[in-house]
Amino acid sequence: MSFLYPLFLLGGAAIAGPILFHLIRRVTREKRSFSTLMFLKASPPKLTRKSRIEHWFLLLLRCLVFLLLALAFSRPYLSNEQTMLLESDERVRHCLLIDKSASMRRDGLWEESLLKAEDWLTQWKQEAYASVYLFDESIHQVVSFEDWSGLNPDIRTSEILNRIKAQPPSWKATSIDDALLESLNRMEEGAREQEKESKQQAWELVVISDLQVGSRYEGLRGQDWPKHAYVVFDGTEPRTSSNAGLQALQSDWQIAEDESFIAPRVRVSNAQDSDQEQFEIQWKTEDNSLETTENLPMYVTPGQTRIMTAPKWPGDKRVNQLVLTGDSETFDNTIWLAPFKPRTSRIVLLAPKGQKQDSELEYYIERAFQSIPEHRVELIQSQTETWEPLAALKGIDLWIVTRPLNDSVAEGLREHVKKGGIILMPLTSVTMQNTLQVIWEDPVLEIEEATVTDYSLIGKIDFQHPLFAPFADPRFSNFSKIHFWKHRRILNLDLSQEELQIAAYLDNDEPAIITRSQGLGRIILISSSWTPKDSQLALSTKFVPWLYTALNWGRNYQELRTQYSIGEAVDLSSIPTEDKLAIRNPNGEVEKKSADKLYRNTNLPGIYEIEADNDFRWTFAVNLHPDESRTSVLPLETLESLGVPTRDPENAAEETPESREQRAEDSRLLQSQEIEQDQKYWRWMLLAVLALVLVESLVASKASPKQFA
Amino acid sequence: MSIKHLELRAKVVVEGFWNGLHRSPYHGFSVEFTEYRQYTPGDDPRYLDWKLYARSDRYYIKKFEDETNLRCFLLMDRSKSMEFGSKGFTKQDYANTLAATLGYFLSRQGDAVGLMSFDEVIQEYMPARNRPGHLRQLMQTLEKPCQGESTDIKKPIKRIMDLMKSRGLIVLISDFLAPLDELEDNLATLTAYGHEVQVFHILDPAERHFTFEEAIQFEDQETGQLMYVDPATAKKGYMEQMENHLEKLKNACDKSGIGYTLLTTDQPLEKGLFDFLKARIHRGRVVQRKAHAG
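The rules behind the values
- Residues numbered from 1 in each chain as written.
- Chains lettered and ligands numbered in written order.
- Predicted model: local features only at pLDDT ≥ 70, side-chain atom pairs only at ≥ 80, totals over all residues.
- Heavy atoms only, no water.
- Helix = DSSP H or I, 4+ residues; strand = E, 2+ residues; numbered from the N terminus.
- Buried < 20%, exposed > 50% of the residue type's maximum accessible area, 1.4 Å probe, protein only.
- Contact = heavy atoms within 4.5 Å.
- Areas by Shrake-Rupley, 256 points an atom, 1.4 Å probe, with all protein chains shown as cover.
- Pairing = 2+ DSSP bridges.
- Axes fitted to C-alpha atoms, helices over the stretch in contact; angles between N-to-C directions.
- pLDDT = per-residue confidence, 0-100.
- Salt bridge = Lys/Arg side-chain N within 4 Å of Asp/Glu carboxyl O.
- Core = buried A, V, L, I, M, F, W, Y, C linked by side-chain atoms within 4.5 Å.
- Expected span 1.5 Å × (residues − 1).

Participant: Would you explain the overall build of chain A in this entry?
Facilitator: A count of helices and strands for chain A gives 16 helices and 36 strands. In chain A, buried positions account for 46% of the 709 residues. The long-range share in chain A, meaning contacts at least 24 apart out of those at least 6 apart in sequence, stands at 74%. For chain A, the accessible surface area stands at approximately 35800 Å², while carbon and sulfur atoms represent 51% of it.

Participant: Before we go on, may I ask you to explain the sheet that holds strand E9 (residues 216-220) of chain B in this structure?
Facilitator: Across the sheet, which stays open at both edges, the three strands sit in the order E2(A)-E9(B)-E10(B) with mixed pairing between neighbours. Two strands lie at the open edges of the sheet, namely strand E2 (31-34) of chain A together with strand E10 (226-229) of chain B, each paired on one side alone. Between one strand and the next, the sheet's axes are offset by a mean angle of 35 degrees, whatever the strand orientation. Here E2(A) runs beside E9(B); their pairing, made up of four bridges, is parallel.

Participant: What am I meant to see in the sheet that holds strand E31 (residues 580-584) of chain A here?
Facilitator: In sheet architecture, strand pairing relies on hydrogen bonds along the backbone and comes in two forms, parallel and antiparallel. Residue and element names in this part refer to chain A. In space, the five strands of this open sheet follow the order E29-E35-E34-E31-E32, with mixed pairing throughout. Of all the strands in the sheet, the pair left with one neighbour each is strand E29 (563-565) and strand E32 (590-594). Between one strand axis and the next, the sheet turns through 30 degrees on average, direction left out of account. Of the pairings in the sheet, the one linking E31 to strand E34 (residues 606-611) comprises three bridges and is antiparallel in character. Opposite Ile 583, over in E34, you have Ile 610 as the bridge partner.

Participant: How should I be thinking about the confidence of the model for chain B in this particular structure?
Facilitator: Low pLDDT marks stretches whose predicted atomic positions should not be read closely. With 77% of its residues at a pLDDT of at least 70, chain B reaches an overall mean of 74. Low pLDDT, under 50, characterises residues 285-294 of chain B; the predicted model gives this stretch one contact beyond four residues in sequence or across chains.

Participant: I'm lost on the pattern of salt bridges in this one. Help?
Facilitator: Note that side chains of opposite charge can pair when their charged atoms are close. Residues and elements named next belong to chain A. Following the criterion strictly, the structure yields 29 salt bridges over all chains and no others. Across the pair Arg 584 and Glu 609 runs a salt bridge whose closest N-O atoms are separated by 2.7 Å. Of the two residues, Arg 584 sits in strand E31 while Glu 609 sits in strand E34, which places them 25 residues apart along the sequence. Judged by its relative accessible area of 33%, Arg 584 is partly exposed. Taken together, the shared-partner salt bridges in this structure form one network comprising Arg 414, Glu 415, Lys 418 and Glu 441.

Participant: What is the right way to read the nonpolar core from this model?
Facilitator: Across soluble globular proteins, nonpolar side chains show a tendency to be buried alongside one another. Ranked by internal contacts, the top residues of the largest apolar core, which has 42 residues, are Leu40(A), Leu75(B), Ile160(B) and Phe218(B). A per-element tally of this core places helix H8 (residues 231-256) of chain B first, with six residues. Those residues in contact with Leu40(A) that sit more than four places away from it in its chain are Phe34(A), Phe210(B), Phe218(B), Met227(B), Val229(B), Ala234(B) and Tyr238(B).

Participant: Hey, could you run me through H8(B) in this one?
Facilitator: Owing to its 3.6 residues per turn, the α-helix aligns residues three or four sequence positions apart on the same side. If you check H8(B), its first and last C-alpha atoms are 36 Å apart, about what 26 residues at 1.5 Å a residue would give, namely 38 Å. Within H8(B), the full set of buried residues consists of Pro231(B), Ala234(B), Tyr238(B), Met242(B), His245(B), Leu246(B), Leu249(B), Ala252(B), Cys253(B) and Ser256(B). On the buried face of H8(B), the contacting elements are E2 of chain A together with helix H6 (183-192), strand E8 (196-203), helix H7 (205-209), E10 and strand E11 (259-264) of chain B.

Below you can see the structure in the form of structure tokens.
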């Protein structure tokens, strides 16, 4: 039997207490009160030997209680042969993680990393288990555990260093959390395979990184680390700390109506430990062939960020870079800007024939869908009674039907929408019944004018519904001020259809907004309309946002943008072609890609061009992730507070015989703790103590002399 | 239960023991008229019958029958020695129950009950009365804890002689664990005053028979004196002394014609009372016979 804390055995000396008390007790005097002593004579007391111990059984019980308590506290365990064997088979697994994110492009950092890596690899020369990874946003394997053992120890270090050198720093952001967790997973997998060989291990993860504050580390929160794993952060020291970053913002550009003036919004952030405060921004061409004279000076104090409008974009098409000057690190000083292209939406309004001023429906739609420089809205009004001219229209995002259509138009529209598109159909009057029957493909539907006393309000809204999801926040969810003076009731509507959803009810429990998906398209039915004679919908602040929500509904792809970050996927599905696309990256390499796919190879900063067969052209810029510019050093305490078991590089690196002995001692202690945890004899001992105390109380109560009340 | 069978009318006591069935031969001034008596100077003129004077021109005094009830005083020993008890209750508890039972019965019969508790001095005094609430007050007084350090029976006896001018019953409840030197004289004085005296001697069985076995320090409850006693050797002497003491007390009582009842706390209370009442009846008869003989 062994003990985890043998010092506690000294507590067993406490049995001297009961023995002493059993001796002393004889000396104490008892008294008995009696009514009178007048008839009594004093008799000489009989002497008893003081050293005599009475109640041997009680004494034994009490001594046992103390002994067992001392034993329980010393946490005994039985170590068998197997565990002893494991003790001698203790191994350390190493894993080297080298940061190759964009911030490692700073002056001298990468070279320093290589030197550090060489140090570690040399130190691990004799080790059997090690692996090497590079990481930025994701982890890249250089040497796995299997490769390590496969390599000749003499040339292993140089071989691995060569492999590392072949993958210089990328332009991507840093995900320290992904790197650590992924490497830990791989270690666990490797350990499982070799479980039979050895159970007892120490896992050492060495991270060579600049540990910038812009790294992602939130994923480490709540991570359950194995007891035997620890992380050594071997930080690289940048030669200079003055760094300011420049980023282009996606929105709030200053754009003139005719695009004669375009000035992007940019953000300049200065690092906390920077010495520089004065910077300049300037437009440049790719080959520096044309330099503009217009510089924008700015003053940013260290640790601060400023957002401002860049100088006007020169008319020259070759100018596509904004460059920040004034700081010592250049890797994040250039942003690439693609020529501005506004987003366009096409809306068809099937309004009644006749004078526009008569129909307020169209009036409000025209005012709601206004073009802005970033978003061009093309509103097509049509009074046609035949489908053919409408069928010729391409790329329609929204069909608004406010008048009864004849069957051919309605059927054409229905079939068209099945392939994708949205119909917004306010039930302006009961005359829409026929149109509704055709579009809804349900000939039994009827519309009748609902009788309303005073008005109806919106009673219930399904905020899970895509049409109302943007309004789910309590700040925007109040629709109760919109009065509906009139509305129509749809009869014979089969509400049990799966594709049918009621997005909003009136307060008399009649549907206000019904939606249904039809093929790839959708129909939105409003049981009233937005004209002031029907409702206050158009007067509500919710009207325009709601119309835009309807316009964007179902767009399960992202619009092509002109600005992306490194590593961000570009959704190509919005490109109106079914053929293959050609994408040219800044190096001039062309990649063929299907139109419905995501393009992920945005690994280089610069201008990318997409070309399709049908003369479609799109240019977008890819820039560094803004977080990479935040180059101040991340305090280790931040990571430790997330539960990462860290260790000092000096202690881990220099393994003296003493430290190895200490580690072996530590691991032995750890192991014996584990064995003890499994056995937990102390619990039984405490139980026995309780039982003994109980018996002792019973015996003592019987043994004590009866006293008169 | 045996007490209920004993009818109180069985008491043959001259002064109208137990209320109602007997009439007092003493005349007093009360509601019920008995006879006229010729006025002699010195009589209270208040009781002159003026109407009769008007009719007869003679002075007559109206005489009324006095309703003389028994006046009973309970003399309770409240010394610390009464706090001893080996049966789960003390002698004091036992004595209190006895006094309360007596008080209750007497009170129910319409007799006046008073209380005097004493140790070395007189602690509580309640005059003999029979009015609503009196009995309850008496019980409350009985329940007060013992305080006295020692017992002095002479003082209360002396005091009661001052207080009780008319004849009555005096019930003395005590453990008499005190020297008996002058007790005999005092008791004799009481009976000489015409009072009937009943003594209840309360003892714990442990006191009566000294049932201890273990040699141990004994502490006097009243004085706090300590004495190492080995019962094996001391028991004989104790029993002898105790018997002497009891004998002496019994003799003193008998001499003065005082009823003496020894009660140990393991005896049922009812039995003690039953014995007491039987003894009273017996003594009543003796007294009567003596009177006839005389």
